Amino acid sequence: MAHSLPADLRDQLPPYLIVFDGECVLCSGFFNFMLRHDHDNRFQFALAQSDLGTRLYRALDLPTDDFETNLVMTDGIIYQRLDAFAQAMNSIGWPWRALAALRFLPRFLKDPAYHLIARNRYSLFGRAQTCMIPNDALKARFIPGGWG
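Residues numbered from 1 in each chain as written. Predicted model: local features only at pLDDT ≥ 70, side-chain atom pairs only at ≥ 80, totals over all residues. Heavy atoms only, no water.

Draft legend 1. Representation of the overall build of the chain in the model. Each helix and strand counted, the chain has seven helices and five strands in total. Across the chain, helices and strands are ordered from the amino to the carboxyl terminus as β-α-β-α-β-α-β-β-α-α-α-α. As presented, the chain carries roughly 7900 Å² of accessible surface, and 57% of it is formed by carbon and sulfur atoms. (Helix = DSSP H or I, 4+ residues; strand = E, 2+ residues; numbered from the N terminus. Areas by Shrake-Rupley, 256 points an atom, 1.4 Å probe, with all protein chains shown as cover.)

This is how it looks when you write it as structure tokens:
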């Protein structure tokens with residue numbers, strides 16, 4: 001599922017952005033995966049819990065007390081749920097680009113599967129008890145207002 005953001009908000013964002021739940025071990029794992037495999041350093045990041053993350057979730061009419069989906073933005077289009085994962089994989093090249101085919105699954109299959117994992121992500125994968133303390137190189141990958 002792809003959405004456009006209001007122009008005033010979209011104009012403040014980089015062309016490639018991932019917003020993720022910093023407390024979710026699964027979501028933080030996705031963040032770390034992208035750091036390792038985004039060899040062109042295309043993506044920048046923001047925590048869902050940050051001021052900017054909260055503004056994005058509100059703009060998309062998503063809850064700001066439970067971040068059940070990561071957001072992936074490419075070229076001004078923002079993706080949610082499994083489509084977000086597929087878009088991120090498409091953006092980092094082979095062999096990961098093959099996983100972009102997940103976006104072609106019928107919505108009646110992929111949305112319930114995604115929601116089942118998202119609703120149970122803390123019990124399945126855990127919840128971070130402490131915040132990540134980034135070094136300067138990692139801080140540079142976060143957009144202004146996207147950290148803490």
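Past the structure itself, the notes keep going.
Draft legend 2. The nonpolar core, seen in detail. Counting residues in each nonpolar core, the largest one holds 20 residues, and the members touching the most others are Met34, Phe43 and Phe45. If you list the elements that add at least two residues to this core, you get β2 (16–20), α2 (25–37), β3 (44–47) and α4 (81–91). In terms of residues, this core owes the most to one element, α2, which gives five residues. Setting aside anything within four residues of it in sequence, one finds Phe45 in contact with Leu17, Ile18, Phe20, Phe31, Met34, Leu35, Arg141, Phe142 and Ile143. Leu17, Ala48, Leu60 and Met73 belong to the second-largest nonpolar core, a separate cluster that totals 17 residues. (Core = buried A, V, L, I, M, F, W, Y, C linked by side-chain atoms within 4.5 Å. Buried < 20%, exposed > 50% of the residue type's maximum accessible area, 1.4 Å probe, protein only. Contact = heavy atoms within 4.5 Å.)

Draft legend 3. Region of interest: the side chain of Gln87. By the element assignment, Gln87 lies in helix α4. If we skip the residues at most four places from it in the chain, Gln87 touches Val72, Thr74, Tyr79 and Arg103.

Draft legend 4. A look at the packing of α4 against helix α5 (residues 107–119). With their axes 8 Å apart at the nearest point, α4 and α5 run at an angle of 95 degrees to one another. When the axes of α4 and α5 are compared, the pair comes out roughly perpendicular. Between α4 and α5, the residues in contact are Arg81, Leu82 and Asp83 and Arg107, Lys110, Asp111, Tyr114 and His115, respectively. Class assignment for the residues of the contact of α4 with α5 results in two nonpolar, one polar and five charged. (Axes fitted to C-alpha atoms, helices over the stretch in contact; angles between N-to-C directions. Parallel < 35°, antiparallel > 145°, perpendicular 65-115°, else oblique. Nonpolar A, V, L, I, M, F, W, Y, C, P; charged D, E, K, R; others polar.)

Draft legend 5. Fine view of α5. When the terminal C-alpha atoms of α5 are compared, their 17 Å separation across 13 residues agrees well with the 18 Å that a helix rising 1.5 Å per residue should span. If you check which residues of α5 are buried, you get Lys110, Asp111, Tyr114 and Ala118. What you see down the axis of α5 is that its buried residues fit within an arc of 95 degrees, all on one side. Of the exposed residues in α5, those oriented more than 90 degrees away from the buried face are Phe108 and Arg119. Those residues of α5 that are buried are in contact with α4 and α6 (121–125). (Expected span 1.5 Å × (residues − 1). Arc of directions from axis to C-beta.)

Draft legend 6. Summary view of α2. Between its first and last C-alpha atoms α2 spans 18 Å; for 13 residues at 1.5 Å apiece the expected length is 18 Å, and the two agree. Those residues of α2 that fall on the buried side of the exposure criterion are Cys27, Ser28, Phe30, Phe31, Phe33, Met34 and His37. The elements touched by buried residues of α2 are β2, β3, β4 (71–74), α4, α6 and α7 (136–139).

Draft legend 7. Region of interest: the pairing of β4. A two-sided burial pattern is seen for β4, the buried positions comprising Leu71 and Met73 on one face and Val72 and Thr74 on the other. Bridging between β2 and β4 involves four bridges; their strand directions are antiparallel. Each residue of the ladder has a partner; that of Val19, found in β4, is Leu71. As defined by bridge partners, β4 adjoins strand β5 (residues 77–80) across four bridges and the pair is classed as antiparallel. (Pairing = 2+ DSSP bridges.)

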